[in-house]
Amino acid sequence: SSADIPEIPESISHCRALQVADFSGNPLTRLPESFPELQNLTCLSVNDISLQALPENIGNLYNLASLELRENLLTYLPESLAQLQRLEELDLGNNELYHLPETIGALFNLKDLWLDGNQLTEIPQEVGNLKNLLCLDVSENKLECLPEEISGLTSLTDLLVSQNLLQILPDGIGKLRRLSILKVDQNKLIQLTDSIGDCESLTELVLTENQLQSLPKSIGKLKKLNNLNADRNKLTSLPKEIGGCCSLNVFSVRDNRLSRVPSEISQATELHVLDVAGNRLTYLPLSLTTLKLKALWLSDNQSQPLLTFQTDTDPETGEKILTCVLLPQMPSEPGCQDNLPRCGALESLVNEMSDETWNERAVNRVSAIRFLEDEKDEEDNEMRTLLRRATPHPGELKNMKKTVENLRNDMNAAKGLDSNKNEVNNAIDRVTTSV
């Protein structure tokens, strides 16, 4: 791999005992026609070689257990791929695939299937036949729906569908009883199916950047859920059943439209990090004092690692609540980052009482929740004003590379066997290397 090999000779087919071949990162554009004669091959890696097509008889490599084709220029898969009955790992990530053949469902022994970074608009229903599949990654495509037959993936533990166009998830997802990680961030979800509560093994659920207005009550059935992230949605409320997530450790609902947090959240006794910044909370439930929180994020600009809360009474309900200078939350003006709600609240408190009164009250206040550590929030960088010059996205690099390869082919065809051929190729190689 990465050895500047421009071409694999046809004579490689004589290496009949060869079991592992890795030609990744070379300036290749094709595999020799005789390559599928290497029938003892078990692992083939040809990542990032500008491969535009697989040999039509690739299925003759019937002993293949691992086939890595990531970062190439593949636009279709040959039908013979379905003959690779012993294949356990297939990586087709970051290619140019617009269509997945129905015969993909014939790869019964497949355990890992990576299809991320392609142009897929649908997944064939036959994918439900992959009973041994453990990991399916179809993120960064153009999927508008997932087939109901996905319910057949009974061994699946990881399902990654980030950065697509999904509005709903199929109800059949509830039959994935071994599913541990589900990432559906950066889609267009308008609701989360009730059957999600049947995914009894779920430990991580990422719903960031969708259009959810609520979470189903069934979410409280996820007893093993450790991390739940629903940042940047349109949530107006949380179900009280959220307290049933007894293993929940990190719960983030930043940048939503929440006006309150249900007091039942205190039943999630393992909760250590709660992020409710960027909402419309007027207060927090007193029950939070029973939790051993290490971090409670209320504001993007939260400057103090140590916050002191006071108990108060809600004038409307008479309920005992928690409050501090960061509450109530109000949406900040986009262009006025310095004019923060916490400053307004603090200023009004200072104006209403003298220093003596403030100090006297401070003695009697109950400190309910304190930070134990100064934890930095990675998402705080989003509103920074510093702009950096953009570097090429991998997709852009791939297009540049494709252009260079097409130029190479055109010039070679034009020159034929001309004496200047070597000079031209050397020039193109230098361009390719610089890209």
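For the structure, check the block above.
Small disclaimer: the values here were computed from a predicted structure and weren't measured.

Colleague: Where do I start with the overall build of the chain in this structure?
Modeller: Check the secondary structure of the chain and you find four helices and 16 strands. Across the 435 residues in the chain, those meeting the buried criterion constitute 45%. Pairs at least 24 residues apart make up 30% of the contacts formed inside the chain by residues separated by at least 6 positions. Carbon and sulfur atoms make up 48% of the accessible area of the chain, which totals about 22,200 Å².

Colleague: Can you walk me through unusual backbone geometry in this structure?
Modeller: Negative phi characterises most residues that are not glycine, and trans characterises most peptide bonds. At the junction of L327 and P328, the peptide bond is cis and its omega measures out at 0° in the coordinates. Secondary-structure assignment places P328 in the loop between β16 (320–323) and α1 (341–352). At S2, a position not held by glycine, the phi torsion is positive, near 50°. Structurally, S2 is set in the segment before β1 (20–22). Here the phi dihedral of D4 falls at roughly 60°; this positive angle occurs in a residue that is not glycine. Mapped onto the fold, D4 is located in the segment before β1.

Colleague: Would you mind going over the pairing of strand β15 (residues 310–313) with me for this structure?
Modeller: Within a regular strand, side chains alternate between the sheet's two faces. Bridge count between β15 and β16: four bridges; the pairing is antiparallel. Each bridged residue has a counterpart across the sheet, and for D312 the counterpart in β16 is I321. Counting the residues between successive antiparallel strands, the hairpin from β15 to β16 contains six residues, one of them, G318, with a positive phi of roughly 75°.

Colleague: Sorry, what's going on with the environment of L248 here?
Modeller: Inspection of the secondary structure puts L248 in the loop between β10 (227–229) and β11 (250–252). A sequence separation of 25 residues divides L248 from K223, and the C-alpha atoms of the two residues are 8.1 Å apart. Not counting the four nearest positions on each side in its chain, L248 is found in contact with L225, N226, N227, L228, A268, E270 and L271.

Colleague: How should the sheet that holds β16 be read in this particular structure?
Modeller: Each strand in a sheet pairs with another by means of backbone hydrogen bonds, the pair being arranged parallel or else antiparallel. The strand order across the open sheet formed by three strands is β13-β16-β15, and the pairing between neighbours is antiparallel. Looking at strand neighbours, the two that pair on one side only are β13 (284–285) and β15, the edges of this open sheet. When β13 meets β16, the two strands line up antiparallel, connected through two bridges. Following the sheet pairing, L284 is matched in β16 by L322.

Colleague: In this structure, what is going on with the pattern of salt bridges? I would like to understand it.
Modeller: Opposite charge on two side chains permits pairing when their charged atoms draw close. Summed over the entire model, instances satisfying the criterion amount to nine salt bridges. Linking E37 and R16 is a salt bridge whose minimum nitrogen-to-oxygen distance equals 3.6 Å. Placement of E37 in the loop between β1 and β2 (43–45) and of R16 in the segment before β1 is noted, with a sequence separation of 21 residues between them. By relative accessible area, which is 38% here, E37 ends up partly exposed. In this structure, a network of salt bridges that share partners links the residues R70, D91 and D116.

Colleague: Explain the packing of aromatic side chains here, please?
Modeller: The geometry of an aromatic ring pair comes down to the distance between the two centres and the angle between the two planes. In total, this model carries one aromatic pair according to the counting rule given. On the basis of an interplanar angle of 70° and a centroid distance of 6.5 Å, the ring pair of F23 and F35 is categorised as edge-to-face. Note that F23 is positioned in the loop between β1 and β2 and F35 in the loop between β1 and β2, a separation of twelve residues in sequence. Assigned by exposure class, F23 and F35 land together as buried.

Colleague: Mind showing me how you'd approach the side chain of N210 here?
Modeller: Turning to its location among the elements, N210 is positioned in the loop between β9 (204–206) and β10. Looking at N210, the relative accessible area reads 6%, which means it is buried. Only 3.0 Å separates the side chain of N210 from the backbone oxygen of V184, close enough to count as a polar contact. Polar contacts involving the side chain of N210 include one to the main-chain amide nitrogen of L189, which spans 3.0 Å. Look past the residues within four positions of N210 in its chain and what remains in contact with it is V184, D185, Q186, N187, K188, L189, R232 and N233.

Reading the values: the criteria
- Residues numbered from 1 in each chain as written.
- Predicted model: local features only at pLDDT ≥ 70, side-chain atom pairs only at ≥ 80, totals over all residues.
- Heavy atoms only, no water.
- Helix = DSSP H or I, 4+ residues; strand = E, 2+ residues; numbered from the N terminus.
- Buried < 20%, exposed > 50% of the residue type's maximum accessible area, 1.4 Å probe, protein only.
- Contact = heavy atoms within 4.5 Å.
- Areas by Shrake-Rupley, 256 points an atom, 1.4 Å probe, with all protein chains shown as cover.
- Pairing = 2+ DSSP bridges.
- Salt bridge = Lys/Arg side-chain N within 4 Å of Asp/Glu carboxyl O.
- Phe/Tyr/Trp six-rings, centres within 6.5 Å; stacked < 30°, edge-to-face > 60°.
- Polar contact = N/O pair within 3.5 Å; in protein donor to acceptor, adjacent residues only side chain to side chain.

In short, shape yes, function no, at least from these values alone.
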